[in-house]
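Chain by chain, the residues:
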Amino acid sequence: MDNELNDYEAEQVKKIKKWKNSNPGVISNAMSKAAAPVASVINAVIPEAAIRGALEGANELGRLLADTKGIVRKSQLNSIEDLRYVDLKICDKLANEVQGWAVGIAAAEGGATGIYGAFGTVVDIPAVTTLAMRTIHKIGLCYGFECKTEEEKQFALGILSISGSNSVREKSLALAKLKSIHTTIAKETWKKISEKAANNRLSDEATIMMIKKIAKKLGINLTKRKALQILPLVSVVVGSSSNAWFMKEVSNAAKRAFQERWLIENGKIIDIK
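What comes next concerns the included structure.

1. With respect to the side chain of K268
Then step 1. With respect to the helices, strands and loops of the structure, K268 is situated in the segment after α11 (235-265).
Then step 2. The exposure class assigned to K268 is buried, which follows from its relative accessible area of 11%.
Then step 3. Looking at K268, its side chain comes within polar contact range of the side chain of E9, at 3.1 Å.

2. Brief notes about helix α7 (residues 150-163)
Because each turn of an α-helix spans 3.6 residues, side chains separated by three or four positions in sequence point in the same direction.
Then step 1. Between its terminal C-alpha atoms α7 stretches 20 Å, which fits the 20 Å expected from 14 residues at 1.5 Å a residue.
Then step 2. Counting buried positions along α7 gives 13 out of 14 residues, so the element sits mostly inside the fold.

3. Quick notes on helix α8 (residues 168-186)
Then step 1. When the terminal C-alpha atoms of α8 are compared, their 26 Å separation across 19 residues agrees well with the 27 Å that a helix rising 1.5 Å per residue should span.
Then step 2. Where α8 is concerned, the buried positions are K171, A174, L175, L178, I181, H182 and I185. Buried residues of α8 fall within an arc of 120° about the axis and therefore sit on the same side. In α8, the exposed positions that point more than 90 degrees away from the buried face belong to R169 and L173.

4. Overview of the pattern of salt bridges
Then step 1. With the rule as written, the count across this model stands at 13 salt bridges.
Then step 2. In this structure, E60 engages R63 in a salt bridge whose closest nitrogen and oxygen atoms are separated by 2.6 Å. With E60 and R63 both in helix α3 (residues 48-64), this residue pair falls three residues apart, about one helical turn.
Then step 3. Taking relative accessible area as the criterion, E60 reaches 28% and is therefore assigned partly exposed.
Then step 4. Within the structure, one salt-bridge network assembled from shared partners comprises R84, E152, R261 and E265.

What counts as what
- Residues numbered from 1 in each chain as written.
- Predicted model: local features only at pLDDT ≥ 70, side-chain atom pairs only at ≥ 80, totals over all residues.
- Heavy atoms only, no water.
- Helix = DSSP H or I, 4+ residues; strand = E, 2+ residues; numbered from the N terminus.
- Buried < 20%, exposed > 50% of the residue type's maximum accessible area, 1.4 Å probe, protein only.
- Polar contact = N/O pair within 3.5 Å; in protein donor to acceptor, adjacent residues only side chain to side chain.
- Expected span 1.5 Å × (residues − 1).
- Arc of directions from axis to C-beta.
- Salt bridge = Lys/Arg side-chain N within 4 Å of Asp/Glu carboxyl O.

Structure, rendered in structure tokens:
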């Protein structure tokens, strides 16, 4: 593959840079502020520990449900790895299809559980968290990256952390962490992988620590965004719209993160700041 950026790739680099420096979740945060007075009610129904429990299973379940064969079939290639070396437009087209599907499903699920108000969030939050992780893993597949190691799981969780950021500073810290994880993955050799097989506990502990941090942030964000669901007249609309915006943020973060990783691993760029 030619290492020079073509016009399309150069345009994506600009979009990745804009995404990195944009203020996160403007619309969702506005919804959070509007819902703040009743958020404590939802927090009592869905404690942080419940979010953490959902997240621990959601990452693995999302990976298993990512439908590797479906992406290979749609790409008309022989394997997921082949997507690392095709035209970036092909990867983006697949990712956009995944994004559209995920946002639609999230909206429908949020509207359905919104009928039951605050109690619907007991089902909704684990469901939307699993869908978010599935979407991240599936978008990764669109760029040729399949989650097979503990570091790859951390990369997926890192994307979720970015999409849940409440400020530019929080987002910058999450991006720095994601870059660190990618650097670790990029430096892996078969020798290191085999050595790690005997020391997987350390990687597991790193993942657990990340889950705890993300769960706290995710719990605060989702409960605030969904707090208005306790009001019967608006619960369906809030459930549907908050899920749709959350999934749009998650899928955008996944797309930009994997685009950058694709460009780096193809020698097109070194970094985007």
